[in-house]
Amino acid sequence: MKKLVIHGGKPLKGEITINGAKNSVVALIPAAIMANSEVTLEGVPDIQDVHSLIEILNDFNVKTHFENNVLKIDPTDIISIPMPTGKIQSLRASYYFMGATLSRFGEGVIGLPGGCFLGPRPIDQHIKAFRSLGANVNDEYGVVTLSTPEGLNGARIYMDVVSVGATINAILASVRAQGRTIIENAAREPEIIDVVTLLNKMGAKIRGAGTSEIRIDGVEELNGVTHTIIPDRIEAGTYMAAAVAMGEGIKINNVIYEHLESFIAKLIEMGVKLDIFEDSIYVYPSKDLKMVSLKTLPYPGFATDLQQPITPLMAITNGHGTIMDTIYPARVKHIPELNRMGANIRVDGDMIRLEGPSKLTGAQVKASDLRAGASLVIAGLIAEGETIITGVDNILRGYTNIVGKLQALGADIQMIED
Ligand code: EPU
């Protein structure tokens, strides 16, 4: 079993470079199987989710080569294979193979997605989109079976909830459908724009990505291209939170500031001083941080994925604050663990209530999901004494070389294997 051991309280200083976005790459990889020749993705993060997706591609008889953050995907000899169980169930983003196989083969059998437990994570909007395009969808015993007896036809799809996954899946499924598809109430996350940029380079005709109405005119075929992935705004936000907590001046490289506007606005409200450059952000040492309250919302609102990483920072500030996660109200598994480290946080229905300032001290805690893990790493960096974090695989699913990156800033953090 892997464990992270952190001796907290050490000042952090230096530079850190952000990798390509996890939530982009997990959609770009399935999208690549729709091409008729090799797709090259640059800036691919070396995370467990990427390795799992590569295994799934290989099971589809897709050739891959992954080296130095460049992933080559050659789907020329791809075959339609049912995947009800196995690796496909190990990550949430496997659901993108539903849209991709539907588009590529007109059929697919995909085991229901796993991933972090954040409370209920339905896929009704994905299924509604596929059905609108003319697909038959059978969702039984944890396996989704898709077929298209009469091909896919463009349709008007209204999303009842704003969903990143359902928006991307509706795009994937409609790119090669006959005629025009209009997705209304679409999600506007930067990762959606990234997927659409790749697909349009491949030959798709998609307009409106980044707005709540996306229009897709079906095309016959898609070609292999080269694409560089956008930087991971959640990884950047996580290290910014660490920099605010313990930094003596940290420069974060490879950042698109606009993707982090709501997070940065909250840090500024807390009293954090930053310099923003073309593609980097410098975080000054912080003192006397102010408590804030926040509410997570679909993009461009405050990201649910940064709610957990900012919580330990809020816990050490003075006053009463609240967090309301409107996307995943049950995303609270970090709270009891932070309380074991000395935080004073209460989950009150859909509201997280913080009373600060708390002095954090080392403890043995468990990372029960990816961002809860990020939250505990930050708490461990702040805390006096030794913090031992289990559930490390959850963290490695989404953060490239987190130990090495933090060590380079001066953190006393190690991964040990029992
Ligand atoms: N929802 C439905 N029906 C659906 C789909 C979603 O009711 O068919 C609801 C969800 O329950 C949730 C809301 O809609 O309340 C938004 O969910 P969304 O579909 O946008 O989430 P997702 O696509 O499954 C992605 C990221 C998550 C991130 C959310 C929200 C990937 C692989 N995952 O999930 O990332 O939290 O968007 O931004 O892109 C993470 O990186 O730690 C992570 C969990």
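Residues numbered from 1 in each chain as written. Predicted model: local features only at pLDDT ≥ 70, side-chain atom pairs only at ≥ 80, totals over all residues. Heavy atoms only, no water.

A. Structural view of the UniProt feature "binding site: UDP-N-acetyl-alpha-D-glucosamine" (unreviewed entry) in the protein chain. Mapped onto the present numbering, the UniProt feature "binding site: UDP-N-acetyl-alpha-D-glucosamine" (unreviewed entry) falls on Arg92, Arg121, Pro122, Ile123, Asp124, Gln125, Asp305 and Ile327. Here Asp124 shows up in helix α4 (residues 124-132). Taking the relative accessible area as the measure of exposure, Asp124 reaches 42% and is therefore partly exposed. Note that Ile327 resides in the loop between β18 (319-325) and α10 (334-340). Ile327 sits in the partly exposed class, given a relative accessible area of 32%. Setting aside residues no more than four positions away along its own chain, Ile327 makes contact with Thr296, Leu297, Pro298 and Thr304. (UniProt positions renumbered as here; feature names shortened; annotations may be inferred. Helix = DSSP H or I, 4+ residues; strand = E, 2+ residues; numbered from the N terminus. Buried < 20%, exposed > 50% of the residue type's maximum accessible area, 1.4 Å probe, protein only. Contact = heavy atoms within 4.5 Å.)

B. Main features of a negative patch on the surface. The grouping of Glu258, Glu261, Glu278 and Asp279 at the surface amounts to a negative patch. Position of Glu261 relative to the elements: it lies in helix α8 (residues 261-270). Classification of Glu261 by relative accessible area gives partly exposed; the value is 42%. (Patch = residues over 30% accessible without salt bridge, like charges linked within 9 Å, V, L, I, M, F, W, Y side chains within 5 Å. Areas by Shrake-Rupley, 256 points an atom, 1.4 Å probe, with all protein chains shown as cover. Salt bridge = Lys/Arg side-chain N within 4 Å of Asp/Glu carboxyl O. Lys, Arg positive; Asp, Glu negative; His and termini not counted. Charge placed at Lys NZ, Arg CZ, Asp CG, Glu CD.)

C. Summary view of the site of the ligand. The environment of the ligand is made up of 26 residues, and the closest members are Gln125, Ser163, Val164, Asp305 and Ile327. One nitrogen or oxygen atom from the main chain of Gly165 is found 2.8 Å from an oxygen atom belonging to the ligand. The separation between an oxygen atom of the ligand and a polar main-chain atom of Ile327 is 2.7 Å. Protein chains shield 90% of the accessible area of the ligand, which is 830 Å² for the free molecule. Every element with two or more residues in the shell around the ligand is listed here: α1 (22-32), α4, α5 (164-174) and α11 (370-382). When grouped by side-chain class, the residues that make up the shell around the ligand number 13 nonpolar, six polar and seven charged. A domain split of the shell around the ligand shows at least three residues from each of domain 1 (2-18 + 232-417) and domain 2 (22-228). (Near = heavy atom within 4 Å. Polar contact = N/O pair within 3.5 Å; in protein donor to acceptor, adjacent residues only side chain to side chain. Nonpolar A, V, L, I, M, F, W, Y, C, P; charged D, E, K, R; others polar. Domains from an automatic or database assignment.)

D. Here's a closer look at the sheet that holds β18. Sheet architecture is open: four strands sit in the order β17-β18-β20-β19, paired in mixed fashion. Of all strands in the sheet, those bounded by a partner on one side alone are β17 (294-296) and β19 (345-348). Between one strand axis and the next, the sheet turns by 20 degrees as a mean value, whatever way the strands run. As defined by bridge partners, β18 adjoins strand β20 (residues 351-356) across six bridges and the pair is classed as antiparallel. From the neighbouring strand, Gly321 faces β20, where its bridge partner is Leu354. (Pairing = 2+ DSSP bridges. Axes fitted to C-alpha atoms, helices over the stretch in contact; angles between N-to-C directions.)

E. Seen up close, the packing of aromatic side chains. Evaluated as defined, the whole model comprises four aromatic pairs. Between Tyr95 and Tyr96, the aromatic rings sit 4.7 Å apart at their centres with planes inclined by 85 degrees, giving edge-to-face as the arrangement. Here Tyr95 and Tyr96 have matching classes, each one buried. Seen from their ring centres, Phe263 and Phe302 are 5.8 Å apart, and the 45 degrees between their planes marks the pair as tilted. In this pair, Phe263 is assigned in helix α8 and Phe302 in the loop between β17 and α9 (307-315), connecting sequence segments 39 residues apart. (Phe/Tyr/Trp six-rings, centres within 6.5 Å; stacked < 30°, edge-to-face > 60°.)

F. Examining the side chain of Thr400 more closely. In this structure, Thr400 sits in the loop between α12 (392-396) and α13 (402-408). From its side chain, Thr400 meets the backbone nitrogen of Asp46 in a polar contact 3.5 Å long. Discounting chain neighbours no more than four positions away, the residues touching Thr400 are Asn19, Pro45, Asp46, Ile47, Glu235, Tyr239 and Lys405.

G. Fine view of the UniProt feature "binding site: phosphoenolpyruvate" (unreviewed entry) in the protein chain. Per the UniProt record, "binding site: phosphoenolpyruvate" (unreviewed entry) is annotated on Lys22 and Asn23. In this structure Lys22 comes out as buried when scored by relative accessible area, which is 9%. Leaving out residues up to four positions away in the same chain, Lys22 has contacts with Pro45, Ile47, Asp49, Asp232, Leu370, Arg371, Arg397 and Gly398. Topologically, Asn23 is positioned in helix α1. Judged by its relative accessible area of 24%, Asn23 is partly exposed. Excluding its chain neighbours within four sequence positions, the residues that come into contact with Asn23 are Glu191, Asp305 and Arg371.

H. Expanded view of the nonpolar core. In this structure, Ile29, Leu41, Phe97, Ile171, Val175, Leu199 and Ile206 are the most contacted members of the largest nonpolar core, which totals 75 residues. Of the residues forming this core, the biggest block, seven residues, is contributed by α1. Within the second largest apolar cluster, 70 residues are counted, among which are Ile16, Ala242, Met341 and Ile395. (Core = buried A, V, L, I, M, F, W, Y, C linked by side-chain atoms within 4.5 Å.)

I. Fine view of the side chain of Ser103. Summarising the element assignment, Ser103 is placed in helix α3 (residues 96-105). A residue is classified by how much of its surface remains accessible, and Ser103, at 8% relative accessible area, is buried. Setting aside residues up to four positions removed in sequence, Ser103 forms contacts with Met34, Leu152, Leu172, Ala173 and Arg176.

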